[in-house]
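# An overview of the molecular structure
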Amino acid sequence: MKNVHFLGICGTAMGAVAAAMARRGFRVTGSDARAYPPMSDFLEKEGIDIREGYSPGHLPADADMIVIGNAMSRGNPEVEAVLERRLRYVSLPGALQEFFLWGRRNYVVTGTHGKTTTTSILAWVMTEAGLDPSFMIGGIARNLGRGGRFTDSEFCVLEGDEYDTAFFDKRSKFLHYLPELAVINNIEFDHADIYGSIEEIELSFRRLVNLVPRNGLVLVNADDPRCLGVTRGAPCPVRSVGTGEQADVRITDIEYRPDGCSWTLGGQRFALPMIGEFNVRNASMAVEAARFAGVSPETAARALARFQGVARRQEVRGAERGVVVVDDFAHHPTAIRQSLAGIRQKYPGARVWAVFEPRSNTTRRNIFQHELADALAAADMPVVASVEDPGKVDAAHRLDVGLLTREISRRGRAVYHGGSVNDIVRHIARESRSGDVVLIMSNGGFGGIHEKLLAALRG
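What you see is a predicted model, and the numbers here were worked out from it, not measured in a lab.

### A short note on the pattern of salt bridges
Taken as a whole and judged by the stated rule, the model has 31 salt bridges. Note that Asp169 and Arg171 form a salt bridge whose closest N and O atoms lie 2.9 Å from each other. Assessed through its relative accessible area of 10%, Asp169 is described here as buried. On the basis of relative accessible area, Arg171 is assigned to the partly exposed category, the value being 44%. Its salt-bridge partner being Arg291, residue Glu288 comes within 3.0 Å of it at the nearest N-O pair. Of the two residues, Glu288 and Arg291 are both situated in helix H8 (residues 277-292); the distance of three residues between them amounts to about one turn of the helix. Taking relative accessible area as the criterion, Arg291 reaches 30% and is therefore assigned partly exposed. Within the structure, one salt-bridge network assembled from shared partners comprises Asp223, Glu277 and Arg281.

Structure below.
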């Protein structure tokens, strides 16, 4: 096998795997709806030929294998050509397994919330300990400077998503990752477009636990009953980490400061220049996972103290006229609550804006109609955007933004519903005052709202 073609090559994970395969001597090509920097520049530097758009003519005549990204579906011209020509195809997780994961010590970080941060911390700690791990992360850890890297190390750290693998494989992505160690941070209902109930999600996590060998380990959140439930009767060792007395490894003596937090875990004191109890938990899971790889608590503590965070996780984008603009990936009621709590810790006494875009496949729906109101009402000045691309959900199941704003109002908050990004920018620029913090939450680009708002504040 020499020639590999990627459909959707400009995705963060797809691009990283494509580049790694090119470095291993494969001839790699790829196509994407929009090939744009920085990924297009990165791939071109790796010698990879990228084709704009999707067309049967983009498939090389000598392609030995086609890697089909999760965003591809039936009806895509190249997907249809692959099937009609009976070419060999595989999902991205399948390609990872085949070419990079067999024989490795794979550490897979899962859970509804905190996967990206925990994976980033673990990869950083193991890097600082000299283990030089490969890693695949759904975000950019500032210390690591990238979302993916493949080395000759025996260790590989992977963010394990419970979302489905591809249009032809509806199993969770993490079931392909051959875990020696699995972290389960928390389990809540999400991904309403593919799961019908929390029980279906729990079943997928049970299947993950069933893949961990007897000489491996599952680390679970001791304070989350669902995490404990999916590991009951596990065929492998399980270690729980949490604040309660039932935890095998307890988190105690947590102290919060505007510039970070500190706590004790297993007799060792740790400090992290990040805010929020959720990050104490994320870091504690990473420390315990690194300990399983042989990293001492002292080495982990030194690495944690120098961790610089993850892009789009409480990332300050700028400040104008005394108003701080913060970007966050939160798109679930629990994550919104945690993000707002963290902002209040970092900016005590500030008036906090919560600007939320219902964009994910779950928050476009009315599943969390009431929970979103509770979460957003924790802000002083809630702002709700219109549902992004509402046609993807039928009206009967779509989030009712009007009802959402009325419910927030009944909780005593002066909520604003913006019909467009420009409406929201004008409203905040007009109503904000020095000392305010504007937390913008979306799992997408939100129409460039961050820079538009900073520009409006300057004006």
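### As for the pairing of strand E18 (residues 315-320)
Judged from the five bridges that link them, E18 and strand E19 (residues 323-328) form a sheet pairing that is antiparallel. Bridge pairing in E19 links Ala319 to Val324.

### As for the sheet that holds strand E22 (residues 416-418)
Read across the sheet, six strands follow the order E18-E19-E23-E20-E21-E22 without closing on themselves; strand pairing throughout is mixed. This sheet does not close on itself; its edge strands, each paired only once, are E18 and E22. For this sheet, the mean angle separating the axes of adjacent strands, direction not counted, is 20°. Bridge analysis of E19 against strand E23 (residues 437-441) gives five bridges, and the strand direction is parallel. Opposite Asp327, over in E23, you have Ile440 as the bridge partner. Where helix H11 (residues 369-376) meets the sheet, it contacts strand E20 (352-356), strand E21 (381-385) and E23, and its direction lies at approximately 155° from that of E20.

### What about helix H12 (residues 401-410)?
Restricting attention to buried positions, one finds in H12 the residues Val401, Leu404, Thr405, Glu407 and Ile408. Burial along H12 is one-sided: seen end-on, the buried residues are contained in an arc of 160°. The secondary structure elements touched by the buried residues of H12 are H11, E21 and E22. Phi for Gly412, located one or two positions after H12, is positive at around 90°.

About the cut-offs
Residue positions are counted from 1 within each chain, in the order its sequence is given. Local features in this predicted model are restricted to residues whose pLDDT is 70 or higher, and side-chain atom pairs enter the listing and the counts only when it is 80 or higher, whereas totals over whole chains, interfaces and linings include all residues. The side-chain values count all of the structure's non-hydrogen atoms but skip hydrogen atoms and water molecules. Salt bridges are defined by distance alone: a side-chain nitrogen of Lys or Arg within 4 Å of a carboxyl oxygen of Asp or Glu. Using a 1.4 Å probe on the protein chains alone, a residue whose accessible area is under 20% of its type maximum counts as buried, one over 50% counts as exposed, and one in between counts as partly exposed. Secondary structure elements follow DSSP: runs of H or I no shorter than four residues count as helices, runs of E no shorter than two count as strands, and numbering proceeds from the N terminus. One bridge is not enough; two strands pair if DSSP finds at least two bridges between them. Helix axes are fitted to C-alpha atoms over the stretch in contact, other axes to C-alpha atoms as well, and angles between N-to-C directions run from 0 to 180 degrees. Contact definition: two residues touch when any of their heavy atoms are within 4.5 Å. Working definition: the arc comes from the directions between the helix axis and the C-beta atoms, pointing outward to the latter.

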